Each structure stands twice: as structure tokens, then as C-alpha cells.
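Structural overview for review
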Amino acid sequence: MYLSKSIFSLLVVFTIVFSSCKQPGCTDPIASNYNADADKEDDSCIYDNLNLQFNLKNNEQAFSRYDTLNFNEGSFRVENITFYMSNITLNNTSISKNVKDVHLFRLDEPNTMNLEVTAPNGNYESVSFGLGLTPELNNTEPSDYPTDHPLGLNQNTYWPMLASSYIFVKIEGKMDTSQTSSFYPLTYHLSHEDLFRALDFPKSISLDENNTATLQFNIDLSKLFTDVDLSQELAHERTSSPLANQLITNFSNAIELE
Amino acid sequence: MLSNWNKLVMLLCSFVLLSCERDIPVVEAIDYNPTFVAFDVPNRFPTPNLPADNPLTEEGIALGKKLFYDPILSGNNTLSCADCHFQSKGFSDPARVSIGIEGVLGTKNASAIINAAWNTTNFWDGRTISLEEQALGPVTSFIELHSPSWEQVAQELMDNSEYKGLFKQAFNTDIIDSSHVVKAIAQFERIIISSESKFDKFLDYEASLTPSELRGKEIFNTEKGDCFHCHSYPLFTSNLFHNNGLDPEGSMDNGRFNVTNDPNDKGKFKSPTLRNVELTAPYMHDGRFATLEEVIEHYNFGGHNSSTIDPLMKKVDIGLGLTQQDKTDLISFLKTLTDSTFINNPEFRP
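Residues numbered from 1 in each chain as written. Chains lettered and ligands numbered in written order. Predicted model: local features only at pLDDT ≥ 70, side-chain atom pairs only at ≥ 80, totals over all residues.

**Focus on the overall build of chain A**
Quick reminder of the rule: Working definition: helices are DSSP H or I runs of at least four residues, strands are E runs of at least two. Numbering for both runs from the N terminus. Exposure classes come from backbone-placed C-beta atoms, where a residue is buried if 20 or more other C-beta atoms lie within 10 Å of its own, exposed if 12 or fewer do, and partly exposed in between. Contact definition: two residues whose C-beta atoms, as placed from backbone geometry, lie within 7 Å.
If you tally the helices and strands in chain A, you get three helices and 16 strands. Within chain A, the fraction of its 258 residues that count as buried is 28%. In chain A, 63% of the contacts between residues at least 6 apart in sequence involve partners at least 24 apart.

Take a look at the structure:
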């Protein structure tokens with residue numbers, strides 16, 4: 001009898017104590033094996049395994065902010081390039097796996113030129129994304145998001161007035177068409193749902209526990225002004241004018257996957 | 001005498017309890033019982049990033065307001081924050097540049113404190129990120145409050161029995177230092193919110209705009225006036241740095257360059273909010289323009305071209321080509337951003 005009382009005490013104590021213990025697991029929400037029920041980090045987290053890097057180029061040459069593009073009609077000093085990518089997806093014959101809803105590339109924020117995401121292990125045949133925002137995302141507004149979110153107020157990418165829209169692509173800098181080093185401000189803001197472009201880049205991609213794949217995208221800015229009439233002004237409003245379409249087509253063509 | 005079983009039970013209990021990570025409750029002083037305040041986000045505004053280590057409390061806000069209006073933070077107890085940030089002027093300074101306690105002139109027009117909770121940087125050159133960091137500078141600045149040191153300020157506050165109690169209530173501390181002072185001031189600054197202008201009421205269908213105000217709104221939000229790029233709704237600031245062509249190459253103020261050391265940032269300043277702009281004269285970083293008419297005339301002229309002129313200043317050297325009626329309409333619209341509730345709000349008064 002005395003023995004069984006002690007065992008009972010022991011069981012009660014164990015039950016109480018163990019039920020109050022924390023559950024081990026990966027507690028980092030950005031890890032691929034995040035466990036929402038875990039409340040004690042056990043160093044088991046597995047992190048991003050796919051890295052998308054974006055590099056600016058002028059033909060084959062590396063290009064940086066404040067560098068100048070020279071072409072037949074003039075010179076353009078690039079001060080900022082900003083663009084949205086949405087619905088970033090890895091594809092093979094059986095699945096299309098969305099790995100990121102939206103990303104904002106900003107030349108003035110170098111950490112946005114490298115996007116790390118988590119994707120399921122496997123073999124993929126292409127990566128695709130939309131240049132610009134899907135209609136669902138474009139119908140939201142900055143007040144729907146934290147200020148630092150890619151779609152948040154601090155990005156200054158929203159056209160808030162009637163026929164509101166996010167700006168899909170910003171090209172900002174100074175142009176000299178007189179070849180006399182007489183630069184003047186030139187800004188193109190591309191903003192209209194019709195300017196959305198779905199892009200697909202065939203590429204054999206293999207992801208497993210031991211491999212972090214890196215995809216190198218080059219943006220060849222020498223293609224920016226192909227067939228663009230530089231004397232034509234683009235109003236900063238939600239428009240899908242021929243000039244806006246030419247510019248977004250050029251920008252799409254400028255993005256290449258190595 | 002314990003039995004062997006009881007010893008074993010106790011030993012195992014001790015072992016298990018010690019090996020199990022527990023949150024040990026913090027025993028708080030009985031006179032520290034802050035009332036937490038939920039941040040009231042206005043309609044159509046996004047939720048700002050608020051620091052987790054400085055939550056809003058009634059006690060913290062009240063202390064911050066008292067400090068804001070108290071010259072005790074200045075070297076000779078003659079000047080307070082409020083002496084350069086007047087509520088009736090949208091918490092800006094009507095003086096072109098502010099004057100420090102020794103009569104020394106500053107170099108910049110004191111920035112308005114309006115919706116500072118959404119600031120991504122502070123000061124014209126953006127040299128601080130947080131409001132707490134911002135509040136550190138002026139107290140010891142030679143051209144502002146010029147206290148000899150933060151240690152001396154803290155000692156003066158600790159020698160004051162009222163403040164001692166207020167800091168205890170707000171931050172549960174008997175040892176006051178600069179971090180407590182700036183946290184309190186930042187809390188007060190975060191609740192200085194303006195969101196009830198005539199234009200806000202217009203968007204809420206509670207007020208109508210006159211024909212002139214409506215025309216001005218159109219000018220503001222289109223290429224015609226091209227104001228919206230740097231002053232878009234709802235904050236009416238981009239929180240970014242721009243060279244708006246005030247000066248030609250060679251005579252520009254360093255501006256943002258002083259922070260980044262990047263020559264591409266010379267002559268760039270943070271775009272200020274235009275909320276209550278009717279009240280925040282004079283304008284620009286150096287207060288060079290006394291009236292809104294002068295400001296609009298600058299943009300209508302187009303500004304000076306330079307290597308760092310903002311790409312958004314598309315009409316530099318050309319000008320906007322606004323007519324007198326356009327200018328009148330634009331100013332009419334700008335005046336709809338005046339928020340009388342804000343400048344008369346008793347919560348912001350001493």
C-alpha cells in the first residue's frame with residue numbers, strides 16, 4: 001500500500017511537471033520546418049534553400065546605381081530602378097509551387113536585390129514570376145500592410161488617387177539627348193493592370209537538404225530604351241499607353257536568367 | 001525520517017524541475033502599475049512600426065508631455081522643446097531658424113512634429129531613425145537646449161521629487177537616465193496625430209471642397225503641379241530625401257550627404273509633411289520661403305538643375321507653367337490640409 005502511494009505521487013508529479021515543460025521544435029517562422037506548436041527552440045530549423053540574385057548589366061558589363069548608359073540617342077544616368085515581382089513559382093510537369101507572393105526590387109535598397117526563399121526539395125524545370133502585380137495584389141492598398149511590407153506605405157509605390165494602382169516599375173534618372181553633358185531629370189513610372197507581364201525562365205533546378213540553389217538574373221539595361229521615343233513624355237498616372245507598353249516590354253526583355 | 005520512496009520522489013522532482021525551462025515571473029514594484037495605451041490608427045493610415053521596448057502608457061505619455069514643455073532639459077532652464085515646436089503652428093517654429101539658449105542661431109528651420117509615429121527618419125537630413133534617438137540630440141546641442149551633459153540633466157530630474165515619482169510610475173526606475181527621458185518624449189510625440197483636416201473629412205464624405213479647392217487637388221495630384229510624388233496621401237510626405245532644386249551646383253547645402261557621405265546625396269533633404277502646411281511657415285530646410293506663394297513660385301520656376309537634382313523634378317529649367325488661378329487653387333487645396341482639431345487638441349497642451 002505504501003509503495004503504491006509513492007508510485008502514485010511520482011506519477012502525479014511527473015504528469016504535472018512534464019505537461020508544463022516547453023515543446024521543442026523549430027520556432028522560427030521563416031524556417032522551412034517552422035513548428036507553430038513548438039515553444040522551445042531546439043536548433044532544428046532548416047532555412048532557405050533557393051536564392052534569387054538580380055544583377056544590373058549594360059550588355060555584358062556590370063552596372064551600378066549612378067552609372068551611365070550610353071546609346072545612339074543619348075545617355076541616361078540611372079538613379080533608381082524599382083520593380084515588383086509577384087507569384088514567384090517553381091514549376092515541373094506535376095506541380096507549380098509558389099515560393100513568394102510578392103517581392104519589391106529596389107536599386108536604392110541593396111538588400112532587395114537578393115531574394116532568399118524556401119522551396120520544397122525536388123527537381124524543377126522552370127521558375128516563373130509576374131513583372132508587376134497580380135490583379136488581386138494590385139487591388140489592395142498600403143494601409144492593408146505593415147509600413148515596411150513590399151506593398152506598404154514606406155515603399156512609395158502606390159498611386160493613391162482615383163483609379164488607384166501600385167507602380168509596377170520605376171525607372172528614374174537623368175537623360176542627356178544633346179550629347180553635351182546637359183542632363184535633365186527623366187522618370188518613367190509604369191502603372192496599369194494591362195502592363196502586367198507573366199515571365200517564365202526554363203532552368204533545371206535541383207533542391208535537396210544539402211543544396212542551396214542560386215539563380216542569377218541579369219537585367220540588361222541596354223535594352224531599356226529600344227524603340228522608345230525619348231521626346232515623348234509619360235504622364236505619371238495609371239496608363240497603358242503605347243509608350244508604357246513599349247517600356248514594360250523592354251524591361252521584360254531585359255531580364256535574363258543565366 | 002523519510003522513506004526511501006519519498007526520497008526518490010523528491011530527488012526526481014528536483015531533477016525534473018531543474019531540467020525544465022520555466023519562465024520566472026518578474027516581481028514588480030507595487031507602485032509601478034502602468035496603463036497601456038493602444039495606438040489609435042486613423043482611417044486609411046497604415047499601422048506604424050512602434051518600438052517593442054517603449055510601449056505607450058498613460059504615465060509615459062504624460063511624463064513625455066511634461067518634459068516637452070519643461071525648460072528643465074535646457075542648460076539654464078530657460079528653453080523647452082515647445083519653445084521651438086508650437087502646437088498652434090503644427091508643432092513647428094515660425095522663426096526661420098531656431099535660437100538656442102545662448103542666443104545662438106541654428107542652421108535649420110525646426111521640423112514640424114506631425115504624425116511622427118510614421119517617420120522613418122528624423123531631422124531634415126534623416127540622421128536618426130527612431131524618435132527616441134532624435135530626442136537625444138537637442139538637449140546637449142550647442143545651438144539648442146545646450147545642457148552640459150545628459151548626466152547633469154538626469155541628476156537634476158532625480159533631485160526633483162515630482163519627476164522622481166513620475167519616472168517611477170512610467171518606467172519603474174529610481175535611477176533616471178537619458179534613455180528614460182527620450183522614451184517618454186517619444187511616447188508623447190507618437191500621439192501627436194493629425195488626421196482630421198477638411199480634406200480627410202472630404203474623403204469621409206463629411207465635408208465638400210469648393211470648386212477652387214477641387215481644382216487645386218487636381219493640380220496637386222497630376223503632372224500639372226506634380227506635388228504628389230513627394231507628398232502623397234495619407235502622410236503627405238514620402239519620408240524620402242530629395243533635391244528640389246533650391247540651389248545651383250556649388251552652392252547647395254550638404255543635406256543628406258552629411259549622413260551618408262555620398263556625393264550623390266548633396267542638396268537632398270527629407271520631404272516634410274504638408275499636413276497643416278498653412279501653419280508651418282517658413283518653408284524649406286532653411287526657412288527661406290516665408291509664404292506658400294513663394295514656395296509655389298519656386299516650383300513654378302522649375303528650380304535649379306544640378307548633378308543631384310531629383311529625377312522627379314521633371315520641369316527643372318522649364319517651369320510648371322501655372323497660371324495665377326492655378327496657384328490660387330493649389331493654395332486653396334493646401335489649406336484643406338489644416339486640422340483645427342489637431343492644433344486645438346487639449347491632449348497636446350501642457
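**Some remarks on the overall build of chain B**
Each helix and strand counted, chain B has 12 helices and two strands in total. Moving toward the C terminus, one meets the helices and strands of chain B in the order α-α-α-α-α-α-α-α-β-α-β-α-α-α. For chain B, the spread of C-alpha atoms along the principal axes amounts to about 100 × 45 × 40 Å. Within chain B, contacts between residues at least 6 apart in sequence are counted, and of these 66% link residues at least 24 apart.

**A short note on the domain arrangement of chain B**
Interfaces are frequently sized by the accessible area removed from exposure as the parts join. All names here are of chain B. For the record, the criterion: What fixes the domain bounds is an automatic or database domain assignment.
Each domain of chain B was delimited in the assignment, giving domain 1 (58-193) and domain 2 (198-343). Using only C-alpha atoms to locate each centre, domain 1 and domain 2 end up separated by 27 Å. Contact residues are listed per partner, giving 22 residues for domain 1 and 21 residues for domain 2.

**Observations regarding the nonpolar core**
Note the cut-off: Residues enter a nonpolar core if they are buried, belong to Ala, Val, Leu, Ile, Met, Phe, Trp, Tyr or Cys, and are joined to the set through C-beta atoms within 7 Å.
Among the nonpolar cores identified, the biggest contains 58 residues, and B:Leu67, B:Phe167, B:Ala184 and B:Ile185 are the most heavily contacted of them. Elements supplying a minimum of two residues to this core: helix H2 (58-69), helix H3 (131-140), helix H4 (150-158), helix H5 (161-171), helix H6 (178-190), helix H8 (211-220), helix H10 (292-301) and helix H11 (324-335) of chain B. When residues of this core are sorted by domain, at least three fall in each of domain 1 (58-193) and domain 2 (198-343) of chain B. When sequence neighbours within four positions are dropped, the list of residues in contact with B:Leu67 reads B:Leu73, B:Val181, B:Ala184 and B:Ile185. Grouped together as the second largest cluster of nonpolar side chains are 47 residues, A:Leu50, A:Val102, A:Ala119 and A:Ala244 included.

**Things to note about the packing of H8(B) against H11(B)**
To characterise two packed helices, one gives the angle between the axes of the helices and the distance between these axes. Residues and elements named next belong to chain B. For clarity, the cut-off: Every axis in this analysis is a line fitted to C-alpha atoms, fitted for helices over the stretch in contact. Angles between the N-to-C directions lie between 0 and 180 degrees. Any angle between 65 and 115 degrees counts as roughly perpendicular, while under 35 counts as roughly parallel, over 145 as roughly antiparallel, and the rest as oblique. All amino acids are sorted into three groups, where Ala, Val, Leu, Ile, Met, Phe, Trp, Tyr, Cys and Pro are nonpolar, Asp, Glu, Lys and Arg are charged, and the leftover types, Gly among them, are polar.
Relative to each other, H8 and H11 sit at 95 degrees, their axes nearing to 7 Å. Regarding the angle of H8 to H11, the classification is roughly perpendicular. Judged by residue contacts, Ser-212, Glu-213, Arg-215, Gly-216, Lys-217, Ile-219 and Phe-220 of H8 engage Asp-326, Thr-328, Asp-329, Leu-330, Ile-331, Ser-332 and Phe-333 from H11. Class assignment for the residues of the contact of H8 with H11 results in five nonpolar, four polar and five charged.

**Points about the environment of B:Tyr233**
All names here are of chain B. Topologically, Tyr-233 is positioned in the loop between H8 and strand E1 (241-242). Judged by the 20 C-beta atoms lying within 10 Å of it, Tyr-233 falls in the buried class. Tyr-233 sits 41 residues away from Leu-274 along the chain, and the two C-alpha atoms are 9.7 Å apart.

**Here we look at H8(B)**
All names here are of chain B. Definition in use: By definition, the arc is the one covered by directions from the helix axis to the C-beta atoms.
Those residues of H8 that sit buried are Glu-213, Gly-216, Lys-217, Ile-219 and Phe-220. For H8, the angular spread of the buried residues around the axis is 160 degrees, confining them to a single face. Of the surrounding elements, those touching the buried residues of H8 are H11.

**Some details on the pairing of strand E12 (residues 169-176) of chain A**
Residues and elements named next belong to chain A. Which entries qualify depends on this criterion: Note on pairing: two strands pair once DSSP finds at least 2 bridges between them.
Across the eight residues of E12, seven count as buried, placing the element largely inside the fold. Relative to E12, strand E6 (residues 74-91) runs antiparallel, the two being bridged by eight bridges. Looking at E12, one finds that Arg-77 is bridged to Lys-174. Both E12 and strand E13 (residues 184-190) contribute to a ladder of seven bridges, which runs antiparallel. Residue pairing in the sheet places Val-169 in a bridge with Leu-190 of E13.

**Observations concerning H3(B)**
Residues and elements named next belong to chain B. All of the buried residues in H3 are Leu-131, Glu-132, Gln-134, Ala-135, Pro-138 and Val-139. Take H3 and look down its axis: the buried residues cluster within an arc of 155 degrees, on one side only. The secondary structure elements touched by the buried residues of H3 are H4 and H6.

**A look at the environment of B:Phe36**
Residue and element names in this part refer to chain B. Among the structural elements, Phe-36 can be located in the loop between helix H1 (4-19) and H2. When the C-alpha atoms of Phe-36 and Pro-55 are compared, they prove to be 7.3 Å apart, with 19 residues separating the residues in sequence. In this structure Phe-36 touches Pro-55, Leu-56 and Thr-57, once residues within four positions along its chain are discounted.

**Some thoughts on the confidence of the model for chain B**
Convention followed: Within a predicted model, pLDDT stands for the predictor's per-residue confidence, ranging from 0 to 100.
With 91% of its residues at a pLDDT of at least 70, chain B reaches an overall mean of 92. pLDDT under 50 marks residues 11-28 of chain B. Its contacts with residues more than four places away, or in other chains, come to 11 contacts.

**Examining the pairing of strand E5 (residues 68-71) of chain A**
Residue and element names in this part refer to chain A. Sheet topology places E5 next to E6; four bridges connect them, and they run antiparallel. Counted as the bridge partner of Asn-70 is Ser-75 from E6. Taking the residues that link successive antiparallel strands as the turn, the E5-E6 hairpin has two residues.

**Description of the packing of H10(B) against H11(B)**
Residue and element names in this part refer to chain B. This is how it is decided: Handedness of a crossing is defined here by the sense of rotation of the near helix relative to the far one, left-handed for an anticlockwise turn of less than a right angle and right-handed for a clockwise turn.
Packing of H10 against H11 leaves a shortest axis separation of 11 Å and a crossing angle of 125 degrees. With respect to their mutual orientation, H10 and H11 come out oblique. H11 is crossed by H10, and the crossing has right-handed handedness. Listed contacts from H11 to Leu-292, Glu-293 and Ile-296 of H10 are Lys-327, Leu-330, Ile-331 and Leu-334. Residue classes in the contact of H10 with H11 are distributed as five nonpolar, no polar and two charged.

**Focus on unusual backbone geometry**
All names here are of chain B. The amide bond that connects Tyr-233 to the next residue, Pro-234, takes the cis arrangement and shows omega of 5 degrees. On the secondary structure map, Pro-234 appears in the loop between H8 and E1. Residue Pro-282 is reached from Ala-281 by a cis peptide bond, and omega for that bond is 0 degrees. By secondary structure assignment, the location of Pro-282 is in the loop between strand E2 (269-270) and H10. One non-glycine residue, Arg-44, lies in positive phi territory at about 75 degrees. Position of Arg-44 among the secondary structure elements: in the loop between H1 and H2. Even without being glycine, Met-284 reaches a positive phi, approximately 80 degrees. Structurally, Met-284 can be placed in the loop between E2 and H10. Judged by local crowding, Met-284 falls into the partly exposed class, with 19 C-beta atoms found within 10 Å.

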